[in-house]
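What follows is each chain in one-letter form.
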Amino acid sequence: ASELEGDENTGRLFADMGDLDYFISGDMDDALYNYEKAIEIKNDTPSINYRIGSIYYNRKNYDNALVSFIKVVEKEPRNPNVLLSLGNVLALRGDNFAAESYYSDLIRVLNQGYEKQKILMPQEDEDDFAIVDLYLKANNNLGVALYRLAHQTGNSSMNAEATVRLSDSIRAWDSLTRNPNT
């Protein structure tokens, strides 16, 4: 195999081919190859790293997924999707303290968005639905991480906070599934 040389434009071509594989054909092996080549050829972006992390995550290669997601959060520390992904991959690796931190960060980011918007209408607006869905997942997963930590450490306040987070998750579920006419 010859060494590929190029500039950022060549890297973009590889990223575009990766996108075709990732989004259209579903060929994750080729997508991963093309995304990694894009990064190698001067096109290292958060979105490419996120997709690489996603591929590794779905393959249960949590170490490589973690590396890719950390590259994203370094450039986009308030990106809700990467905060959730990092929390998830850390929880699956058994790193509950770190997972708890990312889930808590995600909830802070979402709460700041709630304060600006005041009323969310998940039944009528796709963006609002996505926000409430993320809030549901973040609270649920934070509740699980806190529950695990409470049992690891014997900290009963973490157990109480886990219950609060799971209750918040249930409220979010209710708002997503409630019939708006009733």
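This is a predicted model, so every value here is computed, not measured.

J.: Hey, could you run me through the overall build of the protein in this one?
T.: Looking only at helices and strands, the protein has eight helices and zero strands in total. Shown N-terminal to C-terminal, the secondary structure of the protein runs as helices and strands in the order α-α-α-α-α-α-α-α. Overall, the protein is about 60 × 45 × 25 Å in size when its C-alpha atoms are taken along their principal axes. Sequence-distant contacts in the protein: of pairs separated by 6 or more residues, those separated by 24 or more amount to 52%. Working note: accessible area of the protein is about 10,500 Å², and carbon and sulfur atoms make up 51% of it.

J.: It is not clear to me how a nonpolar patch on the surface should be interpreted in this structure. Could you clarify?
T.: Taken together, the side chains of Leu-20, Phe-23 and Ile-24 make up a nonpolar region of the molecular surface, amounting to roughly 360 Å² of accessible area. Relative to the assigned elements, Leu-20 resides in helix α1 (residues 8–25).

J.: I keep staring at the nonpolar core and nothing clicks. Help me out?
T.: Proteins that are soluble and globular tend to have nonpolar side chains buried together. Ranked by size, the top nonpolar core spans 47 residues in total, and within it Tyr-35, Ile-48, Ile-52, Val-89, Tyr-103 and Leu-106 carry the most contacts. Counting residues per element, the ones that place at least two in this core are α1, α2 (28–40), α3 (46–58), α4 (62–75), α5 (80–92), α6 (96–117), α7 (126–153) and α8 (156–177). If you tally residues by element for this core, the top one is α7, at 10 residues. Residues within four places of Ile-48 in sequence aside, it is in contact with Ala-15, Tyr-35, Ala-38, Ile-39 and Asn-43.

J.: Sorry, what's going on with the layout of surface pockets here?
T.: Once rolled over the atoms, a probe with the size of a water molecule shows which space is left empty. The calculated volume of the largest pocket comes to roughly 200 Å³. Lining the largest pocket we find 13 residues, and of these Tyr-50, Asn-81, Leu-84, Ser-85 and Asn-88 sit closest to its centre. Among the elements of the structure, α3, α5 and α7 are those that each provide at least two residues to the lining of the largest pocket. Along the lines of polarity and charge, the residues of the lining of the largest pocket split into six nonpolar, five polar and two charged.

J.: It is not clear to me how the confidence of the model for the protein should be interpreted in this structure. Could you clarify?
T.: A low pLDDT score tells you not to read the predicted coordinates there in detail. Taken as a whole, the protein shows an average pLDDT of 92; of its residues, 95% reach a score of 70 or greater. By mean pLDDT, the top-scoring element of the protein is α3 (98), and the lowest-scoring one is α6 (89).

J.: Please explain a negative patch on the surface as it appears in this structure.
T.: A cluster of acidic residues, Glu-124, Asp-125, Glu-126 and Asp-127, forms a negative patch at the surface. Among the secondary structure elements, Asp-125 is positioned in the loop between α6 and α7.

J.: In this structure, what is going on with α7? I would like to understand it.
T.: Think of an α-helix as turning once every 3.6 residues; residues three or four places apart then point the same way. Here α7 contains 28 residues, and its C-alpha end-to-end distance of 40 Å stays within 8% of the 40 Å for a straight helix at 1.5 Å per residue. The N-cap of α7, judged by a side-chain oxygen 2.8 Å from the amide nitrogen of Asp-127 a few residues on, is Asp-125. Just beyond α7, the residue with positive phi is Gly-154, at close to 80°.

J.: Would you explain the environment of Ile-52 in this entry?
T.: Of note, Ile-52 is situated in helix α3. Once the C-alpha coordinates of Ile-52 and Asp-105 are considered, the two residues, 53 residues apart in sequence, prove to be 22 Å apart. Those residues within four positions of Ile-52 in sequence are excluded, and the remaining contacts are Leu-32, Tyr-35, Glu-36, Ile-39 and Ser-68.

J.: What exactly am I supposed to notice about the packing of α4 against α5 here?
T.: Helix packing for two helices is described by the angle between their axes and how far apart those axes are. In the contact formed by α4 and α5, the axes pass within 10 Å of each other and the chain directions differ by 150°. Classified by the angle their axes make, α4 and α5 are roughly antiparallel. The two elements α4 and α5 cross, and the hand of that crossing is left-handed. Contacts between α4 and α5 pair Tyr-62, Ala-65, Leu-66, Phe-69, Ile-70, Val-72 and Val-73 from the former with Val-82, Leu-83, Ser-85, Leu-86, Val-89, Leu-90 and Leu-92 from the latter. A per-class count over the contact of α4 with α5 returns 13 nonpolar, one polar and no charged.

The rules behind the values
Residues numbered from 1 in each chain as written. Predicted model: local features only at pLDDT ≥ 70, side-chain atom pairs only at ≥ 80, totals over all residues. Heavy atoms only, no water. Helix = DSSP H or I, 4+ residues; strand = E, 2+ residues; numbered from the N terminus. Contact = heavy atoms within 4.5 Å. Areas by Shrake-Rupley, 256 points an atom, 1.4 Å probe, with all protein chains shown as cover. Patch = residues over 30% accessible without salt bridge, like charges linked within 9 Å, V, L, I, M, F, W, Y side chains within 5 Å. Salt bridge = Lys/Arg side-chain N within 4 Å of Asp/Glu carboxyl O. Core = buried A, V, L, I, M, F, W, Y, C linked by side-chain atoms within 4.5 Å. Buried < 20%, exposed > 50% of the residue type's maximum accessible area, 1.4 Å probe, protein only. 1 Å grid on protein atoms, 1.4 Å probe; cavity = no way out; pocket = protein on both sides within 12 Å on 5 of 7 lines; lining within 4 Å. Points joined across faces, edges and corners; volume = space filled by probe spheres on them. Nonpolar A, V, L, I, M, F, W, Y, C, P; charged D, E, K, R; others polar. pLDDT = per-residue confidence, 0-100. Lys, Arg positive; Asp, Glu negative; His and termini not counted. Charge placed at Lys NZ, Arg CZ, Asp CG, Glu CD. Expected span 1.5 Å × (residues − 1). Polar contact = N/O pair within 3.5 Å; in protein donor to acceptor, adjacent residues only side chain to side chain. Axes fitted to C-alpha atoms, helices over the stretch in contact; angles between N-to-C directions. Parallel < 35°, antiparallel > 145°, perpendicular 65-115°, else oblique. Left-handed = near helix turned anticlockwise from the far one by under 90°.

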